[in-house]
Amino acid sequence: DRGFSPDGGYTVKSLFASLPNEGKYHYRQGSDAEKHLNDPMVIAKLQEAARANSRAAYASFAALHNNLVKASSIRGQLDFKPPRSYGRAALPLDAVEPASEIVKRFRTGAMSYGSISMEAHSTLAIALNRLGGFSNTGEGGEDPARYEPLPNGDSLKSAIKQVASGRFGVTMEYLSNGLELQIKMAQGAKPGEGGELPGKKVQGGIAKTRNSTPGVGLISPPPHHDIYSIEDLAQLIFDLKNANPDAGVSVKLVSEIGVGVVATGVAKCKADHILISGCDGGTGASKWTGIKHAGAPWEIGLAETHQTLVLNGLRGRVTLETDGQLRTGRDVIIAALLGAERFGFATAPLIAMGCIMMRKCHLNTCPVGIATQDPVLRKKFEGLPEHVVNYLMLVAEEVRVLMAKMGFRNMDELIGHAEVLRQDPALRAGPLQLEPILAPAHQLPDAGKMGKVENRKLYGQEHFMVLQRMIDRTLVEECKMTFRYGERSYVESPHIINADRTCGTLLSHEIFKRWGSSLPPGTCHLKLMGTSGQSFGAFAVKGVLLELEGDSQDYFGKGLSGGALVIYPPRKAVAGGFDPSKNIIIGNTALYGATAGVAFVNGIAAERFAVRNSGVWAVVEGAGDHCCEYMTGGRVLVLGSVGDNFGAGMSGGIAWIWDPSKTFEKRALPQDLEVARVQMDQPLEVYAEEEKDLISLLEAHKSWTHSKLAASILQKWPASASEFVRVFPKDFKGAVKAAIDRGEVSPIGSMREYLPSQEALLDHSNKQRIRKHPKVRKNSMEEIVGEPSAGLDIEDMAVFQKTTKGNRPTKIEDAKLVSTSNRGFLEVDRGDLPKRGVAERVADFQEILAKKDEVAVQTQASRCMDCGTP
């Protein structure tokens, strides 16, 4: 009755003989099947240990895991030497660092809200906050409601806020609530790939957090989409330090051959923390090719990174972390001996909360309510913070036991001491050559030739002296009435130059800390003149209006968070015949990852304008390639031509292109975009406000930038309306229609809450409450009395008004005095360097790489007669 012959002529095995499944992607029973670290018995024992806080169950789990890694990982081939072989003796357990301190080094992996449910995501955060460790938001943003503590004192807030580089929900509020800001350059399980969140997982709360539309799928750009060089990475690190000076900045790299050189550059870019992510574990929605054929074991990348940093004298500046199927105390100890100070857990905490490794994360059908947004399935979630706490404390207790046997009192003592490891003598020697991994960095022949030999982080990066000299420090002081009382302020400064990077970001951070997003648009109005550096207006918040008469560079308006940006060429240049509509005025990657606000650009933008824009309303008079790529919200009005690849990956928002020559429709565009001419006599059912919004954008652009092009288009309205082409993503249009049919508020949105008032337009003529022309770079030297005689060294002249040689300081503690003087050689005596013999000096680079007194360095650098800039 089941379709098989009664004599057993057909067996199940024979039926499926032609369809073999070796279990490479899903666990299968059988001796010839692929081995998985997460086999059923491992999962069962881990969950028993976590739920019952059972040491016996944990010991069984650890034994099973450690046996499995022998057949599948590099650490499985390693063993610990006897303590006497490296000059130590076993210690009593009481003499070892307590588990409560060890768990503070633990972190959870970057699993985003959206890929996993709110229940699972917040449970991890509560558990790690109780332990003093760090949980990670992942790249999906974080619901602001989680920033408030619970009545019982628990916190739902994740300490690590991932940026990646500007994906979803990266706002000033998000950044200001982080203890560590993590730049995701790549992901261990799928390096170089972007991601995708299916529309069925983009529910209401997730859509709001990610500044997108419910039901519309999201495509992530590759993590390095705005990072093309090490200098770009340095700029992003600098941006984040301005957005939250109190937070550390982390960079996530993939374990691969050569990652040590990359990590060295990252350390020189002043990152505080480097994560080396292994190929194991990772996202449950990776492509199959990525799961099996991308990345490298963390043991290789971690050892190379630690050794390279030590050899370059940089190890003492940064903290190293690793992740990739860390499960037991043995894994943690091996990672520490290879150079890690922090340890990431992801799959194991999910299993502790109830994950049974069904591997259906991408289908929204997780049966235990972890990797799903289905409200019915989410009710099946039974995980508790206590389960994660129990598991990680058991791991820490195993670490203590191993440390006692090895003779180490605390974690700091064993970090980087790879000489403790050896190839397991009980295993058959194979082709693996493990000597390069097991070489202790501090004993390498070239260790100490470049800087000091350091095995772990001993001091912080020097951020203060850079941040102290920023133009924002002066702007914050000039806008003190806004900070104190929320009053309107207006500041004019003609001094901005291309060295003034990230202008307005620190100001926005300080405003947000005091007022949040409550200030009316344009409350703090800054009128600047000149050429700004990179990241002008990055993460600017509501209430901040940055008006620039001049030009700007790359990353203009990066992550704009409610602020208003206006840029136009110098009035004198326009009066002399300069045509803004034919000239580039801002650089590449403008408005990257912007979430809210308005921007008016009287000129052409270079490539990648408004990539990943999810809420900003912008006007620009032409754009290069990749305009509106991956856009999920907001409006972009282009009053000119655009380059290739327009709207690739665009899933939300609306764009208009002024195309009087009628050539735009003939171009090859993605099939998921609806392209049509604007017809005022046939308004869209789903967007009845289109004409009103178009006119509002044109009028605002004309008012703020005095654009002749916008004025001419408005003068011909409504005849000129048909010259515009509308680009409307089909999925977004369907979601808008569905929301209207349900009687909900349309997700179309409005720019009016971010548009500065007409009053702000008249700030330049208002003589009350106005601070004009702050002395950003005043010359602190008084006039010199007398003229030096020819033939004498100026250092030997005794005609200085302030003092004479030998009596002047060689070091000035107040950084402001140093940074504002461009004639420091008159105020400061030359500081002599300690001298060493030639034979000693040629053997190393200590003079160049040794850590110096930064204040003394800044003071001496101010003596430069060319620029006076340290």
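Each remark here, short or long, concerns the structure printed above.
### Considerations on the overall build of the protein chain
In step 1: Helix and strand counts for the protein chain stand at 31 helices and 24 strands.
In step 2: Counting over 870 residues, the protein chain shows a buried share of 56%.
In step 3: The contacts of the protein chain with a sequence gap of at least 6 include a subset with a gap of at least 24, amounting to 65%.
In step 4: Taken as a whole, the protein chain presents about 36800 Å² of accessible surface, with 53% of it coming from carbon and sulfur.

### Brief notes about the packing of helix α5 (residues 118-131) against helix α15 (residues 385-406)
In step 1: Where α5 meets α15, the closest approach of the two axes is 8 Å, and the angle between their N-to-C directions is 50 degrees. Classified by the interaxial angle, the pair formed by α5 and α15 is oblique. For the crossing formed where α5 meets α15, the hand is right-handed. Of the residues in α15, those touching α5 at Thr123, Leu124, Ile126, Ala127, Leu128, Arg130 and Leu131 are Pro385, Glu386, Val388, Val389, Leu392 and Met393.
In step 2: Looking at the contact of α5 with α15 residue by residue, the classes come out as 10 nonpolar, one polar and two charged.

### Considerations on the pairing of strand β10 (residues 342-345)
In step 1: Sheet topology places strand β2 (residues 106-108) next to β10; three bridges connect them, and they run parallel. Bridge pairing in β10 places Arg107 opposite Gly344.
In step 2: Pairing geometry for strand β9 (residues 319-323) and β10, over three bridges, is parallel. Paired with Glu321 across the two strands is Arg342, which belongs to β10.
In step 3: In terms of handedness, the path from β9 via helix α12 (residues 329-337) over to β10 forms a crossover that is right-handed.

### Concerning the packing of aromatic side chains
In step 1: Evaluation of the coordinates by the stated rule reveals 11 aromatic pairs.
In step 2: A ring pair is formed by Tyr58 and Phe61, whose centres lie 5.7 Å apart and whose planes are at 55 degrees; its orientation type is tilted. On the criterion of helical spacing, the pair formed by Tyr58 and Phe61 is a turn pair, its members being three residues apart in helix α3 (residues 55-69).
In step 3: We classify Phe61 as buried; its relative accessible area is 0%.
In step 4: Ring-pair connections join several aromatic residues into one group, and the members of that group are Tyr58, Phe61, Phe106, Phe343, Phe345 and Tyr391.
In step 5: It is Arg571 that lies over the ring of Tyr568; its NZ or CZ is 3.8 Å from the centre.

### Description of the sheet that holds β2
In step 1: Read across the open sheet, the seven strands follow the order β2-β10-β9-β8-β7-β4-β3; overall the sheet is parallel. In the strand order of this sheet, the two ends are held by β2 and β3 (160-162), each with one partner. Strand-to-strand, the axes of this sheet are offset by a mean angle of 25 degrees, without reference to chain direction.
In step 2: Sitting on the sheet, α12 is in contact with β2, β9 and β10, with an inclination near 140 degrees to β10.

### Notes on the pattern of salt bridges
In step 1: As enumerated under the stated definition, the model contains 36 salt bridges in all.
In step 2: In this structure, the salt-bridge partner of Arg75 is Asp331, at a minimum N-O distance of 2.9 Å. Taken together, the residues Arg75 in the loop between α3 and β1 (78-80) and Asp331 in helix α12 connect sequence positions 256 residues apart.
In step 3: Look at Arg75 and you get buried, because its relative accessible area is 0%.
In step 4: Taking the shortest distance from any N to any O, the salt bridge between Glu665 and Arg677 comes out at 2.7 Å. Residue Glu665 is located in the loop between β21 (652-658) and β22 (673-677), and its partner Arg677 is located in strand β22; the two are separated by 12 residues in the primary sequence.

### Some points on unusual backbone geometry
In step 1: With an omega of 10 degrees, the peptide bond between Trp717 and Pro718 qualifies as cis.
In step 2: Examined against the element boundaries, Pro718 turns out to sit in the loop between α24 (708-715) and β23 (724-729).
In step 3: Despite not being glycine, Thr589 has its phi angle at roughly 60 degrees, a positive value.
In step 4: You can call Thr589 buried: its relative accessible area is 3%.
In step 5: Even without a glycine there, the phi angle at Lys662 is positive, about 55 degrees.
In step 6: Using a relative accessible area of 53% as the deciding quantity, one classes Lys662 as exposed.

### What to know about the pairing of strand β17 (residues 596-601)
In step 1: Of all six residues in β17, six are buried; the element is thus mostly enclosed.
In step 2: The alternating pattern of β17 places Ala596, Val598 and Phe600 and Gly597, Ala599 and Val601 on opposite faces, both of which are buried.
In step 3: Note: strand β15 (residues 561-568) against β17, five bridges, orientation parallel. Each residue of the ladder has a partner; that of Val566, found in β17, is Phe600.
In step 4: Sheet topology places β17 next to strand β19 (residues 614-620); five bridges connect them, and they run parallel. Bridge pairing links Ala599 to Ala618 in β19.

Reading the values: rules and limits
Residues numbered from 1 in each chain as written. Predicted model: local features only at pLDDT ≥ 70, side-chain atom pairs only at ≥ 80, totals over all residues. Heavy atoms only, no water. Helix = DSSP H or I, 4+ residues; strand = E, 2+ residues; numbered from the N terminus. Buried < 20%, exposed > 50% of the residue type's maximum accessible area, 1.4 Å probe, protein only. Contact = heavy atoms within 4.5 Å. Areas by Shrake-Rupley, 256 points an atom, 1.4 Å probe, with all protein chains shown as cover. Axes fitted to C-alpha atoms, helices over the stretch in contact; angles between N-to-C directions. Parallel < 35°, antiparallel > 145°, perpendicular 65-115°, else oblique. Left-handed = near helix turned anticlockwise from the far one by under 90°. Nonpolar A, V, L, I, M, F, W, Y, C, P; charged D, E, K, R; others polar. Pairing = 2+ DSSP bridges. Right-handed = clockwise from strand over helix to strand, strands pointing away. Phe/Tyr/Trp six-rings, centres within 6.5 Å; stacked < 30°, edge-to-face > 60°. Lys NZ or Arg CZ within 6 Å of the ring centre and 35° of its normal. Salt bridge = Lys/Arg side-chain N within 4 Å of Asp/Glu carboxyl O.

On their own, these measurements won't tell you what the molecule is for.
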